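Summary of the model geometry
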Amino acid sequence: MRHTEFWARLDDALGRDYSRSWAELTVLRDLDGRTTREAIDAGMSPKEVWAAVRRQLELPASER
């Protein structure tokens, strides 16, 4: 998964305006206590971060 696809999926899930705020403010346990933005900036793969986001938001399996 590329970064652009990750952000597009997050935008689809939360809406473009809210998704950016959510990514900077919401700490995810599955990302070792980091926000989505921090995890991406630290070099975690977008696919791995998306999996954590999907679990946090309880998105359906079709969103894999």
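Everything below is about the structure shown above.
Now for a description of the structure that goes with this document. Keep in mind that what you see is a predicted model, and the values were worked out from it rather than measured. Residue positions within a chain follow its written sequence, with the count starting from 1. With pLDDT at 70 or above as the cut-off, local features in this predicted model cover only qualifying residues; side-chain atom pairs require 80 or more to be listed or tallied, and sums for whole chains, interfaces and linings still use all residues. No hydrogens and no water enter the side-chain calculation; it runs on all heavy atoms of the structure.

Secondary structure elements are taken from DSSP: a helix is a run of H or I of four residues or more, a strand is a run of E of two residues or more, and numbering for both begins at the N terminus. The helix and strand tally for the protein chain stands at four helices and two strands. Starting at the N terminus and ending at the C terminus, the protein chain contains elements arranged as α-α-β-β-α-α. Computation of the radius of gyration draws on C-alpha atoms alone. For the globule rule, the value is 2.2 Å times the number of residues to the power 0.38. Taking 11 Å as the expected radius of gyration for a compact globule of 64 residues, we find that the protein chain reaches 10 Å, a close match to that expectation. Seen along its three principal axes, the alpha-carbon backbone of the protein chain occupies a region of about 25 × 25 × 20 Å. The proportion of buried residues among the 64 residues of the protein chain is 34%. Burial classes: relative accessible area under 20% of the type maximum marks a residue as buried, over 50% as exposed, and values in between as partly exposed (1.4 Å probe, protein chains only).

Our focus in this paragraph is helix α2 (residues 16-25). Buried residues of α2: Ser-19, Trp-22 and Ala-23, and no others. One face of α2 carries all of its buried residues, which in axial projection span an arc of 100°. Exposed side of α2, more than 90 degrees from the buried face: Asp-17 and Leu-25 are the residues found there. When checking whether two residues touch, look at their non-hydrogen atoms; a contact exists if any pair is within 4.5 Å. Buried residues along α2 sit against α1 (3-14), β1 (27-28), β2 (34-35), α3 (36-41) and α4 (46-57). In this description, one arc is meant: the one made by directions from the helix axis to the C-beta atoms.

Once their charged atoms are close, side chains differing in charge can pair, the charge on each being opposite to the other. The salt bridge definition used is simple: a Lys or Arg side-chain nitrogen within 4 Å of an Asp or Glu carboxyl oxygen. As enumerated under the stated definition, the model contains five salt bridges in all. Between Glu-5 and Arg-9 there is a salt bridge, with its nearest N and O atoms 2.8 Å apart. Linking Glu-5 with Arg-9, this pair stays in helix α1, spanning four residues, or about one helical turn. Assessed through its relative accessible area of 34%, Glu-5 is described here as partly exposed. Arg-34 is the partner of Asp-32 in a salt bridge, and the nearest nitrogen-oxygen pair spans 3.8 Å. Relative accessible area serves as the criterion here: at 24%, Arg-34 is assigned to the partly exposed category. Connected through salt bridges with shared partners, the residues Asp-11, Arg-16 and Arg-20 form a single ionic network.

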